[in-house]
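Observations on the three-dimensional arrangement
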Amino acid sequence: MRRPSASIGFALVLLACVTAPVGRASAGALAFESGQVRPLALSADSRRLFAVNTPDNRLEIFDLTGSLPSKVASVAVGIEPVAVAVSASGEVWVVNHLSDSVTIVDVAATPPRVTRTLFVGDEPRDIVFAGAGRSRAFITAAHRGQNRPGDPQLSTPGIGRADVWVFDTINLGAALGGTAVSVLNLFGDTPRALAVSPDGRTVYAAVFHSGNQTTSLSEGLVCDGGATARPCNMFGTALPGGLPAPNANSEGIRGPETGLIVRFNPATQAWEDRLGRNWNSAVRFSLPDRDVFSIDAMATPPVEHASFPHVGTILFNMVVHPTNGKVYVSNTEARNEVRFEGKGMVSGSSVRGHLHEARITVIDGTNVQPRHLNKHIDYSVVPSPAGTKERSLATPLGMTLSGDGATLYVAAFGSSAIGVLSTAEIDADTFVPDAAQQITVSGGGPTGLVLDEPRHRLYALTRFDNGIAVLDLDAHSEVAHLTMHNPEPASVILGRPFLYDARLTSSNGEASCSSCHVFGDVDSLAWDLGDPDSLVTDNHNPGGSGTFHPIKGPMTTQTLRGIDTHGPMHWRGDRTGASIGGDPLDEGLAFEQFNVAFEGLLGRGEPLTDAQMKAFTTFILQVTLPPNPIRALNNTLTADQQAGRTFFFGPNVDTIANCNGCHELDPSIGHFGASGKTTFEAEPQLFKVAHLRTLYQKVGMFGMPAVPFFRDGNNGDMGEQIRGFGYLHDGSTDTVDRFLHAQVFNFQDEDERQKLQAFLFAFDTNLAPVVGQQVTLENTANAAAAARLDLLEARAAAGECDLAAKAVVSGGARGWYRTAAGTFQADRAAEPPVSSAALRAVASTASQALTYTCGPRGTGIRLGVDRDADGVFDQDEIDAGTDPADAQSTPVTCRGDCDGDGAVDVTEIIRGVRIAVGSTAADTCPGFGVTCPEVCIDQLIAAVGNALNGCGM
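Here is what the cut-offs are and how they apply
Chains are numbered independently. Their residues run from 1 in the order of the written sequence. In keeping with the predicted nature of the model, local features appear solely for residues at pLDDT of at least 70, side-chain atom pairs appear and are counted solely at 80 or more, and the whole-chain, interface and lining totals rest on all residues. Computation of side-chain values: all heavy atoms of the structure, hydrogens and water removed. When DSSP finds two or more bridges between two strands, those strands count as paired. Where helices and strands are cited, they refer to DSSP runs of H or I of at least four residues and of E of at least two residues respectively, numbered from the N terminus. Axes here mean lines fitted to C-alpha atoms, for a helix over just the part in contact, with angles spanning 0 to 180 degrees between N-to-C directions. By definition, disulfides here are pairs of cysteine sulfur atoms that lie within 2.5 Å. Think of it in three bands: with a 1.4 Å probe and only protein chains considered, a residue is buried below 20% of the maximum accessible area for its type, exposed above 50%, and partly exposed in between. What pLDDT reports is the predictor's confidence in each residue, on a scale of 0 through 100. In this analysis, two residues are considered to be in contact whenever any of their non-hydrogen atoms come within 4.5 Å of each other. We define the nonpolar core as a collection of buried residues of types Ala, Val, Leu, Ile, Met, Phe, Trp, Tyr and Cys that are connected through side-chain atoms lying within 4.5 Å of one another. Pairs were defined over the aromatic rings of Phe, Tyr and Trp, the Trp ring being its six-membered one, requiring ring centres within 6.5 Å. Orientation was assigned from the angle between planes: stacked under 30 degrees, edge-to-face over 60, tilted for the rest. N or O atoms closer than or at 3.5 Å make up a polar contact, with two conditions inside protein: a donor-capable atom paired with an acceptor-capable one, and, for residues adjacent in sequence, both atoms drawn from side chains. A carboxyl oxygen of Asp or Glu within 4 Å of a side-chain nitrogen of Lys or Arg is what we treat as a salt bridge. A helix's residues, less one, multiplied by 1.5 Å, set its expected span. The directions considered for the arc are those from the helix axis to the C-beta atoms.

Across a sheet, strands are paired by hydrogen bonds formed along the backbone, either parallel or antiparallel in direction. Read from one edge of the open sheet, five strands run β40-β44-β41-β42-β43, paired in antiparallel fashion. At either end of the open sheet lies a strand with only one pairing partner, and these are β40 (774–777) and β43 (824–826). Between one strand axis and the next, the sheet turns by 25° as a mean value, whatever way the strands run. Pairing geometry for strand β41 (residues 802–809) and strand β42 (residues 812–818), over six bridges, is antiparallel.

Shown next as structure tokens:
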């Protein structure tokens, strides 16, 4: 039995010598929570399985010819890969969400190698191949981004903001980043999933945040929150007036004047509240709610030929039936028109446990038929009875169909289960939710599926543990589970389930935080989640005063990304450490105050334990926002943006302060428009000053009547729009321009206002614009590629990113990272750094294309030369026969001489010579006759084993 070392300090000294790192870098603690869309794919012959390793920026390749899948290769791609597909020629294309790119991999090469990188719009998500011979690649992306040609038209009403990029796989074009055949623009917010008809002639594209024909009316339109309706004639047209009851909380204290959410009723052609009152005169636009689009893949160029409305609110994935052409869409439908959280004792109304319903919608010809996956839930009983959540399927993501189309497999991300459903029963809506129709997967959070029918197997990627579940369809069970290397810190891995796992965080198994905070972000809606049952509380925030009333009106869903430096939380800052006597600017304490939502909103029987809530908090404070896609990659501003920035920091925009006086911008301390301060200008409630990093994401609602806070409004109907919610706390303000017309602001002229708006759209974010961007240098003669690489190197030199490079050289995969000196260090530590020009020369040899990636600061060494961040470079590990993707598999790294006798320590160990460490706190390493601290014994034994193996012994 070992005895504890009496001298921990001494033990650590020797441990440092034995395992001294070579250029070790932190793996970083950024989480992006990019939603995987198509994370798995099979080769045409079903001999290979391809998987995206999202946190590790890799494509993993598995051989399926044995009894179990075995990994055969790993290829570095872009940052946050979320989708993979195999082309007709056998190449593998990978969609990189954060890099705004598509990586093309020649998997027939040994080892597999990247041949080209295509540039697409902002945050691409999915890819399919269709058209004649499946020779066209279709890729979804947002209608913006530095790689997208043309102005994103952020101030233009009535246009789509969902793009589908189309490339000819046979002729990608000579232009850097490829030449798209076309970029289709669809009338939706942001696209996500794609699917292809069996004959390859039709591509279906789904809008991600498609909305549900709800919108928010400003309190200036709703007027007084009276218990009885009264006419309101703000602009000459009578409106119903007044909020529906209740207007006071359980203490009888009247609430503030607030806005109101209304929903369009197709039967009456009216915008209605929960009382059925007609608010048409208050809404200056229409929401056609087009959710899924069909594209003629055979046309030149491909064109949209139909659209399908009312499929769902959040659309995740799609599959097409192989024989009848029906389209199955996994989605959730929001109930945000329902007011309040909590038990609903005063109001008789609550969305507790019933926020977004999980569904499969069937598109059959022109018929759109939603099917609720969890119709067994009795939402009137909260907490739900035992056995309810085990039957539920939460957050349905990836799907696949059996070859005959009779069975639909659904990855229930929030249930750690695969639903096995009869398509005939789905079509007829006769299926009964049953745990027997599920296959439980270990690892947690299944996102994508591929079916291997010849082997009677189904493969599921599990995001929680970054693994792959192997399911036996005959046994209806998991038979194996593989994990991929994951560089994420344990705090991220352990905390992630509290965001997504509906069985852990609710009683009915359908509701989770991610129901509204989709992949840690937003659902692009507003919710009225006050609780009249609750009490009025004091406001102790900086600059705050008075109280927080539990009736608060509509509030748009806020992102959980980038909240680690912005103080109290929620629009009013009413989640704050001050409520328990702590620091109101402590983000950790603030987030922990959300624990009450597990009972009051998700319908859990009890709150999380303190340890669980702290784990959730630690995780979520590491989730960050992506770079701003409007700002130039070189981080410069246009003339208008610069003028707007000057105004932002310039003279007072109102009688109190300049823009920065409230919306503090100081990246050095993590302030991006907010610092925890409270604002009181012309609002019936006090609000926390909002950050300004995501204004570009909220474009798409144009049309708002005049209200007292603003100087003007739209007198006429603005026509069809893609969003029902815009800016400010309730989303009722349609545009940034409208907000800048508020009476509290003073501008010299309209030009000044427009220039400020231009800067706000290009506002600083946590990461520089260049982060994630890539270029593949296919040869040294491409001037455009050289110029882009010059840009990446310049931004790395400016400290905005870490630059890494990858290539296959002389038949081996190699890597480099850019040092502070501007040279490039290879993944074999003994190799001297090389100049930029020398590294570029590698690409002068055929089949040695170099792909450069600008990663977040602190990740360059991991991305380039030390994948598992164990301090030993990748090629050194390969040379030594250890695994560069396993931090526990490490070669002999102590090249030093701890006792200073001139003999290398490992050599002394092998020869049985004592290492005279000069400490009484020592044990004898069994079998080797060496004296060493107890803490080092296992490592010394392992070192000897590695050394003997290296000598062929």
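Let us now look at the state of the cysteines. According to the stated counting rule, one finds one disulfide in the structure shown. The partner cysteine of Cys801 in its disulfide is Cys854, sulfur to sulfur 2.3 Å. Of this pair, Cys801 sits in the loop between α14 (783–797) and β41 while Cys854 sits in strand β44 (residues 850–855), and the two are 53 residues apart along the sequence. In this pair, the class of Cys801 matches that of Cys854, namely buried. Left without a disulfide partner, Cys516 is nearest to the cysteine sulfur of Cys513, which lies 9.1 Å away.

This paragraph deals with the confidence of the model for the chain. Overall, the prediction assigns the chain a mean pLDDT of 90, with 89% of residues at 70 or greater. Scored below 50 in pLDDT, residues 947–953 makes five contacts in the model with residues more than four places away or belonging to other chains.

The subject of this paragraph is the nonpolar core. Grouped together as the largest cluster of nonpolar side chains are 45 residues, with contacts concentrated most on Leu217, Trp279, Phe648, Leu756, Leu760, Phe761 and Phe763. Of all the secondary structure elements, the ones that give two or more residues to this core are α2 (219–222), β16 (260–265), α10 (639–648) and α13 (750–761). Every residue in contact with Phe763, bar those within four places of it in the chain, is listed here: Asn628, Arg631, Phe648, Leu665, Phe672, Gly673, Leu692 and Arg693. Of all hydrophobic cores here, the second largest spans 42 residues; its members include Val518, Leu525, Trp527 and Leu602.

The next thing to look at is the sheet that holds strand β21 (residues 327–334). Spatial ordering of the open sheet is given by β20-β21-β22-β23, a layout of four strands whose pairing is antiparallel. The two strands at the open ends of the sheet, each matched to only one other strand, are β20 (314–320) and β23 (367–372). Strand after strand, the sheet turns through a mean of 25° between neighbouring axes, direction not considered. Where β20 lies against β21, six bridges are found, and the strand directions are antiparallel. From the neighbouring strand, Leu315 faces β21, where its bridge partner is Asn331.

It is worth spelling out the packing of aromatic side chains at this point. In the structure shown here, the tally under the stated rule is 24 aromatic pairs. Each ring, one from Tyr500 and one from Phe519, has its centre 6.4 Å from the other, and the planes form 55°; the classification is tilted. Separated by 19 residues along the polypeptide, Tyr500 in helix α5 (residues 497–500) and Phe519 in the loop between α6 (502–505) and β32 (526–527) bring together distant segments of the chain. Residue classification places Phe519 among the buried positions, given a relative accessible area of 8%.

Looking now at the side chain of Thr557. Considering the arrangement of structural elements, one finds Thr557 in the loop between β35 (555–556) and α7 (587–592). Polar side-chain contacts of Thr557 include one of 2.8 Å to the side chain of Asp523. Once residues lying within four places of it in the same chain are set aside, the contact partners of Thr557 are Cys516, His517, Asp521, Val522, Asp523, Leu525 and Trp527.

Quick look at the pattern of salt bridges now. Scanning the entire structure with this criterion turns up 40 salt bridges. In this structure, Glu60 and Lys71 form a salt bridge, with 3.9 Å as the shortest nitrogen-oxygen distance. Separated by eleven residues along the polypeptide, Glu60 in strand β3 (residues 58–63) and Lys71 in strand β4 (residues 70–76) bring together distant segments of the chain. Judged by relative accessible area, Glu60 falls into the buried class, the value being 1%. Overall, Lys71 belongs to the partly exposed group, its relative accessible area being 42%. Linked by salt bridges that have partners in common, Asp56, Glu60, Lys71, Arg862 and Arg867 make up one network.

The next subject is α14. With 15 residues, α14 should cover 21 Å at 1.5 Å per step; its first-to-last C-alpha distance of 21 Å lies within 8% of that length. The set of residues buried in α14 consists of Ala785, Arg788, Leu789, Leu792, Glu793, Arg795 and Ala796. Buried positions in α14, seen along its axis, are confined to an arc of 160° and lie on one side of it. Across from the buried face of α14, at angles greater than 90 degrees, the exposed residues are Ala783 and Ala797. The residue sitting at the N-terminus of α14 and contributing the capping side-chain oxygen is Asn782; that oxygen lies 3.0 Å from the backbone nitrogen of Ala784. Gly799, located one to two residues past α14, shows a positive phi value of around 85°.

With that settled, consider the pairing of β23. Pairing geometry for strand β22 (residues 356–364) and β23, over six bridges, is antiparallel. Across the sheet, Arg359 pairs through a bridge with His372, a residue of β23. If you look at the hairpin formed by β22 and β23, you'll find two residues sitting between the two strands, and Gly365 has a positive phi there, around 70°.

Another aspect to go through is the pairing of strand β25 (residues 407–412). Of all six residues in β25, five are buried, a share of seventy percent or more. Note: strand β24 (residues 396–401) against β25, four bridges, orientation antiparallel. Directly across from Thr400, in β25, lies its bridge partner Tyr409. The antiparallel pairing of β24 with β25 creates a hairpin that spans five residues between the two strands, and Gly405 there sits at a positive phi of about 75°. Note that β25 and strand β26 (residues 417–422) share six bridges and pair antiparallel.

Every α-helix winds through 3.6 residues per turn, so residues three or four apart in the chain are directed the same way. All of the buried residues in helix α9 (residues 610–620) are Met613, Phe616, Thr617, Phe619 and Ile620. Buried residues of α9, seen end-on, are gathered within an arc of 165° and therefore sit on one face of the element. For α9, the exposed residues lying more than 90 degrees away from the buried face are Asp610 and Ala611. If you follow the buried residues of α9, they end up packed against α4 (490–495), α5, α7 and α8 (597–600).

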